[in-house]
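# Descriptive structure summary
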Amino acid sequence: MRANFNHSAPLLRLAVCLVIGIVAGRCLAFPLLVVLALMALAVGVTMAVGRWPMVQSVMIAVSFVVLGMAAWGWSDSDEQRRAGPVGEWFLEQREVLLDRYRALADDEAQYAVLAAMTLGDKSALTSDLRETYSVTGASHILALSGLHLGIIYLLLTWLTLGRRGYVLSQAVIILGIWAFALLTGLSTSVVRAATMLTVYAIFSVGDRGRSPLNVLSFAAIVLLLLNARSLFDVGLQMSFLSVLSILLFMPLFERLLPTEFLMRHRLFRWIYSMLAVSVAAQLGVGPLIAFYFHRFSTYFLLSNFVVIPMATLILYGALVTFLLPPAGHVLVWIVGAMNRALGWLSALPYASIDHLQLSVLQLLMVYVMVGCLYGILRFFVPKRDYM
C-alpha cells in the first residue's frame, strides 16, 4: 500500500518551513528580539491548541518558519573552524601524503586530481583540467562531498563487519568519517557531508526503522540551525537537492522493471541502477547547474559510468597507498585513465550546452516540472511502498 508522504517523512515538511523562514529572515530583516518574541508566541499557541491536531500541526509549521527567521538573525557570516592540536597533526599528515602523491604522479594532472579527490587540495588544478571535468559533468568528483564520504562510509561499514557489534561499529565509523574530515582540512562541504553521515549512523544504531528522507531532513535542520547562511551556499543546495532527488525518484525507477528480472540479470541491474541514480541526481541538480554555471553537460550519463567506479577505486586505493606505498603506482594509473577518458568525452561534438541564462522564475518553473514528473510517476508506477 502506498505510504502517506506527510506521515512517512514529517521532518521534510519542517525542514521546508525552516528554509522558508530563513529566506523570510533575509528579506524582511526583523530585529532578532522581535523574531524571538514571535517564536515564543508561536510555541505558546502551539501548546495551547493541543486539542485540535490539525491546528497544532499548522502552528508547528509556523513555529519552524519563525525559527528559521531567528536562525538567520543569530547566524554568523564569518564562520571559522579551529580543530586544535589534533587538527594540526592531521594537517601535517596531509602534507606528508601530498608529498607522496607528487613523487608517484607521472604528470601534474594526475597529482592535481588525486590531491583534490582524496585530500581536498585543489590548488594544483589547472583551468584546462577544470574545464574538461566541467564539460563532461564530472566536476563534482573534484570537490570532496557526500559522494566521497559515502564511499568511505561503505568501506568502513564493510571493515567493521556491518551489524556485528552494531553500536561499536557505528562509533568507529563516525570516528573514521571525522578523522577523514580533519585530514582534508574541515572544508565546508566535507563538514556538511560528515554531519549528514553522522546523523545517519546515529539513526542506524539499534537497527531502528528509519526513513532516509527523515534522516536527510534532520541533517538539514541541524546544519541550518548551526549556520542559516549556508542555505545560500551553492554546494549545500546541490548536495541536498541531489540526495533528495535520488531518494524520491529511485524507488520509482526501481519499479519500472520487474524485480524478478533485475534479480536474474545482475549486470543489467548494475547498469540500470547507475543510469537511474545518474538521472535522478541530474533531475535535482541539473537546473541549479544551468542557473549558476550556465551549462548543461549532455554526456553526464557516460561520464558517471567513468567517474563513479573510478572514484571508488581511487578512494580505496588511497587508503591502501597510505598503508602500502608501492600500491600508489596503480593508484596514479587509475587517475590517469580517468583523465584520459574524460578528455575523450569532452572532445566529442555537443559535449555541453553553454551560455544558458535562467531567471529565478524560470528555475522555479523547471522544478515545478520536475515535481509534476514525480507526481506522474507516483500515479502510474505500480502501487508499492515508497519513502
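Anything mentioned here points back to the structure above.
Here is a short report on the structure shown in this document.

Rules behind the numbers
Residues numbered from 1 in each chain as written. Predicted model: local features only at pLDDT ≥ 70, side-chain atom pairs only at ≥ 80, totals over all residues. Heavy atoms only, no water. Core = buried A, V, L, I, M, F, W, Y, C linked by side-chain atoms within 4.5 Å. Buried < 20%, exposed > 50% of the residue type's maximum accessible area, 1.4 Å probe, protein only. Helix = DSSP H or I, 4+ residues; strand = E, 2+ residues; numbered from the N terminus. Contact = heavy atoms within 4.5 Å. Salt bridge = Lys/Arg side-chain N within 4 Å of Asp/Glu carboxyl O. Axes fitted to C-alpha atoms, helices over the stretch in contact; angles between N-to-C directions. Parallel < 35°, antiparallel > 145°, perpendicular 65-115°, else oblique. Left-handed = near helix turned anticlockwise from the far one by under 90°. Nonpolar A, V, L, I, M, F, W, Y, C, P; charged D, E, K, R; others polar. 1 Å grid on protein atoms, 1.4 Å probe; cavity = no way out; pocket = protein on both sides within 12 Å on 5 of 7 lines; lining within 4 Å. Points joined across faces, edges and corners; volume = space filled by probe spheres on them. Expected span 1.5 Å × (residues − 1). Bend = angle between axes of the 7 residues up to and from the residue. Polar contact = N/O pair within 3.5 Å; in protein donor to acceptor, adjacent residues only side chain to side chain. Disulfide = S-S within 2.5 Å.

### Overview of the nonpolar core
Counting residues in hydrophobic clusters, the biggest one holds 53 residues, and the most contacted among them are Val113, Tyr133, Ile177 and Met338. Within the residue set of this core, elements represented by two or more residues are α5 (84-104), α6 (108-119), α7 (127-135), α8 (146-159), α9 (166-183), α10 (188-204), α15 (300-323) and α16 (328-346). Counting residues per element, this core draws most heavily on α6, at 8 residues. If we ignore the near neighbours within four places in the chain, the residues touching Tyr133 are Val113, Ala138, Ser139, Ile141, Leu142, Met338, Asn339 and Leu342. One finds Leu12, Leu216, Ala219 and Leu236 within the second-largest nonpolar core, a separate group that totals 27 residues.

### Digging into the pattern of salt bridges
Oppositely charged side chains can form a pair if their charged atoms are brought close together. On inspection of all chains with the given rule, the structure shows 5 salt bridges. The partner of Arg192 in a salt bridge is Asp233, and the shortest N-O contact between them spans 3.4 Å. Of this pair, Arg192 sits in helix α10 while Asp233 sits in the loop between α11 (212-226) and α12 (234-254), and the two are 41 residues apart along the sequence. The partly exposed category is assigned to Asp233, whose relative accessible area is 30%. Salt bridges sharing partners connect three or more residues here, namely Glu131, Arg295 and Asp354.

### A short note on the packing of helix α2 (residues 10-28) against α11
Where α2 contacts α11, the axes come no closer than 8 Å and their chain directions differ by 25°. One way to sum up the angle between α2 and α11 is to call them roughly parallel. When the axes of α2 and α11 are compared, the crossing they make is left-handed. Of the residues in α11, those in contact with Pro10, Leu11, Leu12, Leu14, Ala15, Leu18, Val19 and Ile22 of α2 are Asn214, Ser217, Phe218, Ile221, Leu224 and Leu225. Among the residues forming the contact of α2 with α11, the class breakdown is 12 nonpolar, 2 polar and no charged.

### A look at the layout of surface pockets
A probe as big as a water molecule, rolled over the atoms, marks out the empty space that is left. As a volume, the second largest pocket reaches approximately 1100 Å³. Along the wall of the second largest pocket there are 32 residues; nearest its centre are Val19, Gln237, Leu241, Leu244 and Tyr367. Broken down by secondary-structure element, the contributors of at least two residues to the lining of the second largest pocket are α2, α11, α12, α14 (266-293) and α17 (360-380). When residues of the lining of the second largest pocket are assigned to their parent elements, the largest contribution, 8 residues, is made by α12. Per-class residue counts for the lining of the second largest pocket are 27 nonpolar, 5 polar and no charged.

### Topic: α12
With 21 residues, α12 ought to run about 30 Å at 1.5 Å a step, and its terminal C-alpha atoms sit 29 Å apart, in line with that. In α12, a bend of some 30° at Leu248 exceeds every other bend along the element, and Pro251, a proline, comes one to four places later. Residue Asp233 occupies the N-cap position of α12, its side-chain oxygen lying 3.1 Å from the main-chain nitrogen of Gly235.

### Quick notes on the environment of Phe322
In this fold, Phe322 is placed in helix α15. In this structure Phe322 comes out as partly exposed when scored by relative accessible area, which is 43%. The spatial distance from the C-alpha of Phe322 to the C-alpha of Asn304 is 26 Å, given a sequence separation of 18 residues. Leave out the neighbours within four places in its chain, and Phe322 touches Leu97 and Arg100.

### What about the state of the cysteines?
Counted under the stated rule, the structure contains 0 disulfides. With no disulfide of its own, Cys17 lies closest to Cys27 among cysteine sulfurs, the gap being 16 Å. Accessibility expressed as a relative area gives 11% for Cys17, which makes it buried.

That's the geometry; what it means functionally is another story.
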